[in-house]
Amino acid sequence: MPSYKAPVENVRFLLEDVFGIERYNNLPGFAEASPDLIAAILQEGAKLCEEVLQPLNRTGDLEGCTRHDDGRVTTPKGFKAAYDAFAEGGWIGLAADPDYGGQGLPYTLAAVMNEFASAANMALAMYPGLTMGAIAALMTHGTEEQKKTYLPKMIAGAWSGTMNLTEPHCGTDLGLIKTKAVPNGDGSYAITGTKIFISAGEHDLTENIVHLVLARIEGAPEGTKGISLFVVPKRLVKGDGSLGAANGVSCGSLEHKMGIHGNATCVMNYDGARGWLVGTENKGLNAMFVMMNEARLGVAIQGLAQSEVAYQNAVAYARERLQGRSLTGAKDPDKPADPILVHPDVRRNLLSIRAFNEAARALVLWTALKSDVAHRSGDAAEKQAADDQLGLLTPVLKGVLTDVGFDNAVKAQQMFGGHGYIAEWGMEQFVRDARIAMIYEGANGIQALDLVGRKLPRDGGRAVMAFFNEVGGFVKQHAGDEAMAPYVKPLEAALGHLQQATMWFMNNAMAKPDNAGAGSYDYMHLFGLVALGYMWAQIARTALAKKANGGDAADMEAKLLAGRFFMERTMPESAVHLARISSGADTVMAMPAEMF
């Protein structure tokens, strides 16, 4: 059976030593997050995930969710009690506004808890995770009445939330939405239509489910300019806050999926359901993007989480599995064979995963801190800079962390040989669960197009230039430091490749947009390499300093070795990405459709 241990010490090292979280104490919620409180939160969160959520991961996968004839959906055995423990512990409202029952702590801590929960039980963690996204959307765009009606119950976990975008005929192209909204004359609308692939659309974990639904008001413009967002509760809410009659919304069926079996993925039918406009009429996508961006960061974390839990189990197996002898002579001569960890190719796979995990976790926390600054700082320039970086990095995080997270789950499965293909070891579930993260919340090819087509040119390239300046400044600062050379020189080379690729787009994509489309996926991964390399350079700087000052030498040396592996073995891929980008779109687009 697989196991999981939350990487609490690594998170503390990143927050306290690498990023200096105390430097953010001027922001609301950070002053209260003392080192002792952070340590306690991480320990308690880890305990919940390891002891309550993780034991249900495999059983939930085997049992799945069940839709009954009356439209009710029940979740796997134990999920309800585990969800209640999660909600009662205040984890849903960890970073939420205290005015509505939240604790007001940094979003960064919620991101950490998201990783722990997703690694322990991704399907179960999605229920509160989606609710957090719905809370963020209502907090930003809801009326005061809507906030008072829904947020306290959602933050407490008594009610959950969903996002309803996709329809049978439209996924990425939301301008094709057919779900309609007809004014009822009392401020509400009658919502009619069908939504598909709705995660947590119906379940037995909460007494009410608050659906955020994209629909088109009668007479609205065609395309994305005519889409509005509505809050549509499963059960109507009375004036005193108590629950009333069932609304006209139901689960028509459950999807039979490759993975995340413990999460109910529903076809949702809206039959004149009463809904209320969120935000401005015909500006629904703007409001929904708050939840979508929150969700994309959450999905990026899922990629890291599956990579981490798969790595932990692969390492444990590699230490115990005896097969063959070391190429340099027997390491355990008293045993019939050596552990497979002695073999270079096994180490290559494991180090590839570990080196990614530590840098990816750093990148998640670095970005989460940017989110906290963007939402909590009183300094307009500081808020703007943080928001720029958050917008730029969101598609990179979502695309790169989920692509590599899936690849790493496969690498970890490979360490088990044939046993990795057998369900009881749990590795094939990590592969199946990780696969969806590359698809939902905007498939990764769309993330790449968003990065190149929207994020790069926005505000005259202000965000990307700030990123180049920050990484370039770090390189210059440490150029003369011999101990940092193994980390800085590869970073400098990769940054140069990223800058060349950016310039190539500027010179070749305006007149011929297919050049941007053909190179966008490689550009996203090239950007991710530089961002991950920048994280490793910062980790290495901190590890060298701690080692020199008498810190845990063995732990710091492990980080330095993992970082060198990344720089030597992974960073050179930047040149390959640049070559592909620079080849343009001619060959990609040359073959007539009938030849495929």
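Provided above is the structure to which this section pertains.
About the thresholds
- Residue numbering note: each chain is counted from 1, following its sequence as written.
- In keeping with the model being predicted, local features are shown solely for residues with a pLDDT of at least 70 and side-chain atom pairs are shown and tallied solely at 80 or more, while totals for entire chains, interfaces and linings include all residues.
- Side-chain metrics in this entry use all non-hydrogen atoms of the structure; hydrogen atoms and water are not considered.
- By definition, any uninterrupted DSSP run of H or I lasting at least four residues is a helix, any uninterrupted run of E lasting at least two residues is a strand, and each is numbered from the N terminus.
- Put simply, the radius of gyration uses C-alpha atoms, and a globule should come to 2.2 Å times the residue count raised to 0.38.
- For this analysis, residues touch if any pair of their heavy atoms sits within 4.5 Å.
- Calculation of accessible area relied on Shrake-Rupley with a 1.4 Å probe; when residues are assessed, cover is drawn exclusively from the protein chains displayed.
- By definition, a salt bridge exists where a carboxyl oxygen of Asp or Glu is found within 4 Å of a side-chain nitrogen of Lys or Arg.
- The rule is simple: take the accessible area with a 1.4 Å probe, protein chains only, and divide by the maximum for that residue type; under 20% is buried, over 50% is exposed, in between is partly exposed.
- For a helix, the expected span equals 1.5 Å multiplied by the number of residues minus one.
- The angle between axes fitted to the seven residues ending at a residue and the seven residues starting there is what we call the bend at that residue.
- Residues with no salt bridge and a relative accessible area higher than 30% make up the patches, which join like charges within 9 Å and nonpolar side chains (Val, Leu, Ile, Met, Phe, Trp, Tyr) within 5 Å.
- Pairing between two strands is assigned when DSSP locates at least 2 bridges connecting them.
- The definition of a nonpolar core used throughout is a set of buried Ala, Val, Leu, Ile, Met, Phe, Trp, Tyr and Cys residues joined through side-chain atoms within 4.5 Å.

### Quick notes on the overall build of the chain
Step number 1: Regarding its fold elements, the chain presents 17 helices and 11 strands.
Step number 2: Whereas a compact globule of 596 residues would reach a radius of gyration of roughly 25 Å, the chain reaches 24 Å, a difference of no more than 12%.
Step number 3: When the backbone C-alpha atoms are referred to their principal axes, the chain occupies close to 80 × 60 × 60 Å.
Step number 4: In the chain, once contacts between residues fewer than 6 apart in sequence are set aside, the share between residues at least 24 apart is 73%.
Step number 5: As displayed, the chain offers around 24500 Å² of accessible surface, 54% of which is attributable to carbon and sulfur atoms.

### Remarks on the pattern of salt bridges
Step number 1: For the structure on display, the rule yields 24 salt bridges.
Step number 2: For Arg564, the salt bridge is made with Glu568, and the minimal N-O distance between the two is 3.8 Å. Separated by four residues within a single helix, Arg564 and Glu568 lie in helix H15 (residues 553–570), roughly one turn from each other.
Step number 3: For Glu568, a relative accessible area of 51% puts it in the exposed group.

### Thoughts on helix H5 (residues 107–141)
Step number 1: Between its first and last C-alpha atoms H5 spans 19 Å; for 35 residues at 1.5 Å apiece the expected length is 51 Å, and the helix comes up short by more than 12%.
Step number 2: At Asn121, H5 shows its maximal bend, which comes to roughly 135°.
Step number 3: Most of H5 sits out of view: 29 of its 35 residues are buried.

### Regarding a nonpolar patch on the surface
Step number 1: A grouping of Tyr421, Ile422 and Trp425 is seen on the molecular surface, where their side chains present a nonpolar patch of about 350 Å² in accessible area.
Step number 2: With respect to the element layout, Tyr421 can be found in the loop between helix H9 (380–414) and helix H10 (427–436).

### Some points on unusual backbone geometry
Step number 1: Backbone geometry at Phe197 places phi at a positive 60°, although glycine is not the residue there.
Step number 2: With respect to the element layout, Phe197 can be found in strand E5 (residues 189–199).
Step number 3: Although it is not a glycine, Glu441 adopts a positive phi angle of roughly 60°.
Step number 4: Looking at the secondary structure, you find Glu441 in the loop between H10 and helix H11 (444–455).

### Considering H11
Step number 1: Inspection of H11 places Asn444, Gln447, Ala448, Asp450, Leu451, Val452 and Lys455 among the buried residues, and these make up the whole buried set.
Step number 2: Packed against the buried residues of H11 are helix H7 (284–320), H9, helix H13 (485–508) and helix H14 (513–548).

### Concerning the pairing of strand E3 (residues 159–164)
Step number 1: Counting buried residues in E3 gives six out of six residues, a clear majority hidden from the surface.
Step number 2: The two faces of E3 match: Trp159, Gly161 and Met163 on one face and Ser160, Thr162 and Asn164 on the other face are all buried.
Step number 3: One ladder, built from six bridges, connects E3 with strand E6 (residues 208–217); its direction is parallel. From the neighbouring strand, Gly161 faces E6, where its bridge partner is Val210.

### What to know about the environment of Ala220
Step number 1: The topology assignment puts Ala220 in the loop between E6 and strand E7 (228–233).
Step number 2: Since its relative accessible area comes to 13%, Ala220 is described here as buried.
Step number 3: With 40 residues separating them along the chain, Ala220 and Lys180 place their C-alpha atoms 9.8 Å apart.
Step number 4: For Ala220, the contacting residues outside a window of four places in its chain are Gly226 and Asn282.

### Comments concerning the nonpolar core
Step number 1: Among the nonpolar cores identified, the biggest contains 191 residues, and Phe116, Phe467, Tyr523 and Phe527 are the most heavily contacted of them.
Step number 2: For Phe527, the contacting residues outside a window of four places in its chain are Leu392, Leu393, Val396, Leu451, Val464, Phe467 and Leu498.
Step number 3: Ala123, Met126, Ala437 and Tyr440 belong to the second-largest nonpolar core, a separate cluster that totals seven residues.

### Considerations on the pairing of E5
Step number 1: Most of E5 is tucked away, with eight of its 11 residues classed as buried.
Step number 2: Inspection of the sheet shows strand E4 (residues 180–183) paired to E5 by four bridges, in the antiparallel sense. Bridge assignment links Pro183 to a residue of E5, and that residue is Tyr189.
Step number 3: Where E4 folds back on E5, the antiparallel hairpin that results is connected by five residues, among which Gly185 adopts a positive phi of roughly 90°.
Step number 4: As defined by bridge partners, E5 adjoins strand E11 (residues 265–278) across nine bridges and the pair is classed as antiparallel. Within E11, the residue paired with Thr194 across the bridge is Asn269.

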